[in-house]
Every structure is written in structure tokens, then in C-alpha cells.
Amino acid sequence: MSARRPRAALAMTPEAAAAVLDADAVAALREVCDLAPGPVLDDFGTERARAVLREVEVLVTGWGCPPLDGVVLAAAPRLRAVVHTAGSVRGHITQACWDRGLEVSSAAAANALPVAEYTVAMILLTGKRVLERARHYRAARQGEAALRVPREVGNYGRTVGILSASLIGRRVIELLRPYDLRVLLHDPYVTAEEAADLGVDLVGIGELFERGDVVSVHTPLLPATRGLVSRDLIDAMRPDAVLVNTARGAVVDQDALTDAVLAGRIRAVLDVTDPEVLPPGHPLWDCDNVLITPHLAGSQGNEWRRLAETAVTELARWAAGAGFAHPVRRDRMGLIA
């Protein structure tokens with residue numbers, strides 16, 4: 001028996017829709033749902049939006065979707081599900097959604113892969129000190145004496161600390177398995193048995209920072225995790241250790257990190273900062289021990305196709321009565337980004 005075609009609409013900014021949902025993705029969506037015509041919904045208060053909301057069973061959301069509060073839900077009496085084409089749903093899924101009993105899906109697992117790939121690349125590049133050595137090579141215009149490279153350079157037997165077994169943290173652990181690295185994990189919600197299944201050593205947060213040649217931050221920003229990577233933890237890091245942050249800038253005490261890298265004690269790879277973007281005169285911009293990238297680890301360019309494909313697959317499953325493969329659970333909202 002073929003799946004029915006639920007009435008659906010797109011709710012996100014026009015820019016997000018243009019980036020993530022190309023013509024092929026929109027055509028694929030139309031194969032599995034009756035997609036409302038016309039512009040995407042980026043303001044639920046307009047007359048057109050209210051007319052669309054009266055009919056929809058599913059909203060396909062993306063970056064910039066307005067909050068689905070009680071007023072919006074009252075205007076959408078048939079709405080039963082939300083399929084999000086990005087990661088976090090915190091910006092638009094409200095308590096009213098859970099009270100209504102809406103089913104919610106997210107592409108967070110799909111978005112985790114490019115972040116994990118970026119993280120692994122940076123772990124390996126910093127182990128070989130690629131960026132610094134390339135900069136020196138460009139300036140000197142002559143090669144190195146390869147047999148005089150210090151023994152601390154390289155990735156063999158390096159210790160990598162993973163802070164949080166989030167979706168991204170787990171993908172990083174998975175992608176690190178082929179390498180000759182020792183992987184530590186700190187996550188208060190992971191048991192010793194789960195850590196053994198992941199193939200990592202479960203340690204306290206202090207030990208993670210003391211032993212890691214690299215510490216990679218994958219903790220969601222929550223009230224309890226703001227400033228979690230404290231001055232004491234940063235000061236405990238090994239000389240020349242690397243802090244990689246692809247989570248949120250505010251998880252790290254940025255003043256403490258700035259002091260440590262300016263002193264030349266540690267290095268850092270920051271895809272996120274606090275604030276984002278840093279002020280033009282911030283000392284991190286000119287620090288040779290820091291690589292700052294413009295929040296690019298997550299899905300970009302052709303990687304947006306993976307998000308769209310995930311959304312189409314989720315909507316097809318839901319329409320067929322199979323449920324979501326990547327549901328967002330109400331009881332997990334306090335633990336996810």
C-alpha cells in the first residue's frame with residue numbers, strides 16, 4: 001500500500017531554503033508530500049501564513065523558522081509533525097509543541113558528520129604542526145631537516161580527549177578508530193560499559209585536560225555548561241596541547257584561553273568564539289598559536305544536500321506510518337544543543 005501524501009509547508013528564511021533545498025530537493029519533497037506552493041513561511045503572523053497553517057499536517061523547518069508557540073499552533077489545528085532540515089530545534093520547538101504531542105525530527109545526525117570530519121582533520125593537522133610548519137616554510141623558502149624534527153611532532157600514540165559523547169562527539173570517536181591514537185572521554189551520562197563499547201577510556205574532566213595532547217569540545221551550550229572549560233582546566237593542560245572547539249564559544253572561558261595561547265603554553269583551533277564574530281581588535285586574531293575559522297565545520301555547500309535528503313527520508317517514513325528514524329525526544333531537550 002502506498003503512503004499517503006500529507007499536506008506540508010516550508011518554514012524557514014528564504015536564504016535557508018535556497019541554500020538547503022535546491023530544485024532536486026524540492027522535487028523530492030513533492031514526491032512524498034503535498035507541498036504548499038509559494039514562498040516559504042518566515043513570518044507566521046501574515047494572512048497567507050495563517051491560511052497555509054490551517055491546512056498543514058507537517059512543517060518542514062530550517063534555519064530562521066519562527067517559534068512554534070501556542071498562538072501559532074492554535075492557527076494550525078491539523079499540524080502533527082515537524083521535520084527540521086538542520087540540527088538544533090531549540091529556536092522554534094516550544095513547550096506548546098510538546099503539549100500538543102507533535103512528533104519532531106531533526107537532521108542533527110546528518111549535520112554531525114561534517115563537524116566530526118573537520119575535528120578529525122584538525123586533530124591530525126595539529127599533531128604534525130602543519131599550519132605552523134607551512135607558515136615557516138613560506139617565510140624561509142627552504143626545507144626542513146626532516147631527521148631533526150622534534151619527537152613530540154606527529155600523531156603516533158597521541159592522546160585525544162573528547163569532552164561529551166554527543167552526536168558529534170560519538171562520530172569523532174568513530175572516525176578516530178583507524179588511527180594509532182589513545183582516546184579518552186569525559187561525559188557524566190556515559191557508563192563504563194558504554195565507554196567500553198565506544199572503545200574509549202572514561203575519565204574525569206580534570207584527567208581529560210591533564211592527559212590530553214588534544215582536547216576536543218563537543219558539549220552543548222546549556223546553563224550548566226556555560227564556562228565549563230574553566231581557567232583551572234585550561235591551566236592544567238599539557239604544554240603545547242591543543243584545544244579544539246566546534247561546539248559553542250561560551251562553553252570555554254575565553255579570557256583564560258586567550259591568556260594561555262598568548263603565553264605560548266597551548267594551541268587552539270576555534271570554529272566558534274564568544275562572541276561570534278570576535279571584535280576586530282581581539283588578541284586572538286593575531287595569535288600564531290590559534291586557528292580561527294568562521295563557524296564552517298557544520299554542513300556547507302554540497303553538504304547541505306545531506307540535510308535535504310535526510311528530511312525527505314524522514315518525511316517519507318512518517319507519511320508511511322513508520323515513524324521518524326531521528327526523532328527529537330521531549331525528555332532529552334535539556335541535554336541537547
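Here the structure is a predicted model, which is why all the values come from computation and not from measurement.

Let's talk about the UniProt feature "domain: D-isomer specific 2-hydroxyacid dehydrogenase NAD-binding" (unreviewed entry) in the protein
When the UniProt feature table is mapped onto this chain numbering, "domain: D-isomer specific 2-hydroxyacid dehydrogenase NAD-binding" (unreviewed entry) sits at residues 122-297. Between the end C-alpha atoms of residues 122-297 there is a gap of 11 Å, over a span that is 31% helix and 16% strand.

Examining the sheet that holds strand E12 (residues 290-292)
If you trace the seven strands from one edge of the open sheet to the other, you get E8-E7-E6-E9-E10-E11-E12, paired in parallel fashion. At either margin of the open sheet sits one strand with a lone partner, and together these are strand E8 (201-202) and E12. Inspection of the sheet shows strand E6 (residues 158-163) paired to strand E9 (residues 214-217) by four bridges, in the parallel sense. The residue bridging Gly161 from the neighbouring strand is Val215, located in E9. Across the sheet, helix H8 (residues 167-176) touches E6 and strand E7 (181-186), and the angle it forms with E6 is around 160°.

Examining the layout of surface pockets
Counted as a void, the second largest pocket has a volume near 280 Å³. Looking at the second largest pocket, it is lined by 18 residues, and the ones nearest its centre are Glu152, Val153, Gly154, Arg158 and Asp213. Grouping the constituent residues of the lining of the second largest pocket by class yields four nonpolar, six polar and eight charged.

A few points about helix H2 (residues 23-32)
For H2, the complete set of buried residues consists of Ala25, Leu29 and Val32. Down the axis of H2, the buried set is contained in an arc of 65°. They therefore lie on one face. Opposite the buried face of H2, by more than 90 degrees, sit the exposed residues Ala23, Asp24 and Glu31. Its side-chain oxygen 3.2 Å from the backbone nitrogen of Asp24, Asp22 forms the N-cap of H2.

A look at the environment of His92
Locating His92 in the fold gives a position in the loop between strand E4 (81-84) and helix H5 (95-100). We classify His92 as buried; its relative accessible area is 3%. Here the alpha-carbon distance between His92 and Ala110, two residues 18 residues apart in the chain, equals 19 Å. Not counting chain neighbours up to four residues away, the residues in contact with His92 comprise Thr61, Cys65, Pro66, Pro67, Leu68, Val82, His84 and Cys97. At 3.1 Å, the side chain of His92 forms a polar contact with the side chain of Thr61.

Thresholds, definitions, all that
- Per-chain numbering applies: the sequence of each chain, read as written, is numbered from 1 onward.
- In view of the model being predicted, local features appear only for residues whose pLDDT reaches at least 70, and side-chain atom pairs are presented and counted only at 80 or more, with totals across whole chains, interfaces and linings using the full set of residues.
- Only heavy atoms go into the side-chain values, all of them from the structure, while hydrogens and water stay out.
- UniProt positions are given in the numbering used here, feature names are shortened, and annotations may be inferred rather than shown by experiment.
- Every helix listed is a DSSP run of H or I at least four residues long, and every strand listed is a run of E at least two residues long, numbered separately from the N terminus.
- Whether two strands pair comes down to DSSP finding at least two bridges between them.
- Contacts are residue-level and defined by heavy atoms, with any inter-residue pair within 4.5 Å sufficient.
- Here an angle of 0 to 180 degrees is reported between the N-to-C directions of two axes, which are lines fitted to C-alpha atoms, with helices fitted over the stretch in contact.
- For cavity detection a 1 Å grid was placed over the protein atoms alone, and a set of points counts as a cavity when a 1.4 Å probe fits there but cannot get out; an open set counts as a pocket when protein lies on both sides within 12 Å along at least five of seven lines, with lining residues being those that have an atom within 4 Å of a point.
- Grid points are joined across faces, edges and corners, and a volume is the space filled by probe spheres set on the points.
- Basically, the charged four are Asp, Glu, Lys and Arg, the nonpolar ten are Ala, Val, Leu, Ile, Met, Phe, Trp, Tyr, Cys and Pro, and anything else, Gly included, counts as polar.
- Each residue gets one of three labels from its accessible area relative to the maximum for its type: buried under 20%, exposed over 50%, partly exposed in between, using a 1.4 Å probe on protein chains only.
- By arc we mean the arc of the directions from the helix axis to the C-beta atoms, nothing more.
- Whenever two N or O atoms come within 3.5 Å, that pair is a polar contact, provided that in protein one can donate a hydrogen and the other can accept it, and provided that, for residues adjacent in sequence, both atoms are side-chain atoms.

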